[in-house]
Amino acid sequence: QVQLVESGGGLVQPGGSLRLSCGASRSIDSFNGMAWYRQAPGKERELVALITRGGSTNYAEFVKGRFTISRDNAKNMVYLQMNSLKPEDTAVYYCNVVLLLKSYFGQGTQVTVSS
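These remarks concern the structure in this document. Computed from a predicted model, the values in this text were never measured in an experiment.

Further remarks concern the pairing of strand β3 (residues 18-24). Among the seven residues that make up β3, six are buried, leaving the element largely enclosed by the rest of the structure. Across six bridges, β3 lies against strand β8 (residues 77-82) in antiparallel orientation. Pairing of R19 across the sheet is with Q81, part of β8.

Right, let's get into the environment of Y93. With respect to the secondary-structure elements, Y93 resides in strand β9 (residues 91-99). Given a relative accessible area of 0%, Y93 falls into the buried group. Taking the C-alpha atoms as reference points, Y93 and L80, separated by 13 residues in sequence, lie 9.7 Å from one another. Setting aside anything within four residues of it in sequence, one finds Y93 in contact with E6, L20, W36, Y37, R38, V48, F67, L80, M82, G108, T109 and V111. For Y93, the side chain forms a polar contact with the side chain of R38, separated by 3.0 Å. Within the local environment of Y93, its side chain forms a polar contact with the backbone oxygen of D89, the two atoms lying 2.6 Å apart.

What counts and how
- Residues numbered from 1 in each chain as written.
- Predicted model: local features only at pLDDT ≥ 70, side-chain atom pairs only at ≥ 80, totals over all residues.
- Heavy atoms only, no water.
- Buried < 20%, exposed > 50% of the residue type's maximum accessible area, 1.4 Å probe, protein only.
- Helix = DSSP H or I, 4+ residues; strand = E, 2+ residues; numbered from the N terminus.
- Pairing = 2+ DSSP bridges.
- Contact = heavy atoms within 4.5 Å.
- Polar contact = N/O pair within 3.5 Å; in protein donor to acceptor, adjacent residues only side chain to side chain.

So this is what it looks like as C-alpha cells:
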C-alpha cells in the first residue's frame, strides 16, 4: 500500500511553466513504474507520462517535447516539469503507481492554463 500526494498545480498563462511534485509515503526504489495522469472536465482520465525504475520514460503524443517526468528515489518523489503550457492542458493531474496489480492515485492537483 502507498499514499501519494501531489502538489505544484495552479493558474498559469499559455506558454508558461509549472512543476508538479508527487510524494510517496514509502520508498519508491522498488516501484517499477510511476506515472502522471490527467483528467479534464467531462473527459476520461488519460496517461500523460511514465517513468520506469531504470529511468526510461514514455510520453503521450500531446505532451512530447513539452513535459518531462523524473524521479528522485532518495526523496521518494516523482516530478512533472511542464513547459509551453496550452489551454488544453487544463486538468487535474494525478500521480500513479501500480503495486501488486492495484492502482494507486493521489488526490490530484489542479492545473489551469488561461490568460
